[in-house]
Amino acid sequence: MNIGTFYYYLGIISPIFSALAFIVGLLCIRSIRGYLVPVFLIVSVSFVIDTLSFICVRYNINIYFIYHLFTVIEFIMLSTFYHLFFRKYFKSGYFLFPIPVFLIVAFIDYKINGLYAMDTLSFSVESIILSLFALFSFLFVMRKLLFYNLLSEPFFWVNSGILFYFSGNLFIYAFSNYLLAFKQYKESALWSVPLFLNIIFIILISIGFWKTRAR
């Protein structure tokens, strides 16, 4: 199987996994509360956008403008996720402070790249901030020994997904133009990585949703 075929199948599988996370979320909807609500909202919006993207790609329709909007929504919701989780431990409003700055970055990205090109600047900034949030969260949880059984906690799985997805994608988006400058580096090889990371991200979030049923 060549890289082009692999990329094609990943493009089909990724929306399927988005649907899976959405279905798992619906099955667990009665136990999804508090800090997990923003995560479920992201999963729901992502499911709609991935389905729309799958259709539009077949008809060669550019929907990058939707991803610009989704990046903003995603950052706000995940910042709220951390705010809601940590508010019983300290003044967690600090997690909301970067939101106005990020909105400015998203506007600059729009001015530089427009709505019909990838939002590489805003996604790179989002990846840096959320990766730092995730690393801090693990450090805080470990030092304070917040959980008796870490693997049974939904927060562990969601936070792992965030760290894995955004830290992994940071390199790809930040250096995408540089990597594509090499003729031997095919575009399909480059963008197969975010699709794969997205699948892992969705699996980890789905596990987090499912863990709520045992609480």
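Residues numbered from 1 in each chain as written. Predicted model: local features only at pLDDT ≥ 70, side-chain atom pairs only at ≥ 80, totals over all residues. Heavy atoms only, no water.

**Points about the overall build of the chain**
Logical step 1: In terms of regular secondary structure, the chain is built from eight helices and zero strands.
Logical step 2: Taken from N to C terminus, the helices and strands of the chain fall in the order α-α-α-α-α-α-α-α.
Logical step 3: Within the chain, the proportion of its 215 residues that are buried is 47%.
Logical step 4: Here the contacts in the chain between residues at least 6 apart in sequence split such that 73% fall between residues at least 24 apart.
Logical step 5: Carbon together with sulfur atoms contributes 70% to the accessible area of the chain, which is approximately 11,800 Å² in total. (Helix = DSSP H or I, 4+ residues; strand = E, 2+ residues; numbered from the N terminus. Buried < 20%, exposed > 50% of the residue type's maximum accessible area, 1.4 Å probe, protein only. Contact = heavy atoms within 4.5 Å. Areas by Shrake-Rupley, 256 points an atom, 1.4 Å probe, with all protein chains shown as cover.)

**Focus: the nonpolar core**
Logical step 1: F81, Y82, L130, F155, I162 and F209 are the most contacted members of the largest nonpolar core, which totals 51 residues.
Logical step 2: Every element with two or more residues in this core is listed here: helix 1 (3-27), helix 2 (37-58), helix 3 (64-86), helix 4 (98-113), helix 5 (120-144), helix 6 (154-174) and helix 8 (187-211).
Logical step 3: Tallying contributions element by element places helix 3 first for this core, with ten residues. (Core = buried A, V, L, I, M, F, W, Y, C linked by side-chain atoms within 4.5 Å.)

**Details of the packing of aromatic side chains**
Each pair of aromatic rings is reported with the distance of its centres and the angle of its planes.
Logical step 1: Considering all chains together, one arrives at 38 aromatic pairs under this definition.
Logical step 2: Where F22 meets F47, the ring centres are 4.9 Å apart and the plane angle is 10 degrees; that geometry is what we call stacked. With F22 in helix 1 and F47 in helix 2, this pair connects stretches of sequence that are 25 residues apart.
Logical step 3: Aromatic pair F85 and F147: ring centres 6.2 Å apart, planes at 50 degrees, arrangement tilted. Of this pair, F85 sits in helix 3 while F147 sits in the loop between helix 5 and helix 6; the two residues are 62 residues apart in sequence, bridging distant segments of the chain. Both residues of the pair, F85 and F147, count as buried. (Phe/Tyr/Trp six-rings, centres within 6.5 Å; stacked < 30°, edge-to-face > 60°.)

**Examining the side chain of S206**
Logical step 1: Along the polypeptide, S206 turns up in helix 8.
Logical step 2: A residue is classified by how much of its surface remains accessible, and S206, at 8% relative accessible area, is buried.
Logical step 3: Discounting chain neighbours no more than four positions away, the residues touching S206 are A21 and V24.

**Let's talk about the packing of helix 3 against helix 5**
Logical step 1: Running from amino to carboxyl end, helix 3 crosses helix 5 at an angle of 15 degrees, the nearest separation of the two axes being 11 Å. Between helix 3 and helix 5, the angle is such that the two are roughly parallel. Handedness of the helix 3/helix 5 crossing: left-handed. Contact residues: T71, E74, F75, L78, S79, Y82 and F86 in helix 3; S122, F123, E126, I129, L130, F133, A134, F136, S137 and F140 in helix 5.
Logical step 2: Classifying every residue of the contact of helix 3 with helix 5 gives eleven nonpolar, four polar and two charged. (Axes fitted to C-alpha atoms, helices over the stretch in contact; angles between N-to-C directions. Parallel < 35°, antiparallel > 145°, perpendicular 65-115°, else oblique. Left-handed = near helix turned anticlockwise from the far one by under 90°. Nonpolar A, V, L, I, M, F, W, Y, C, P; charged D, E, K, R; others polar.)

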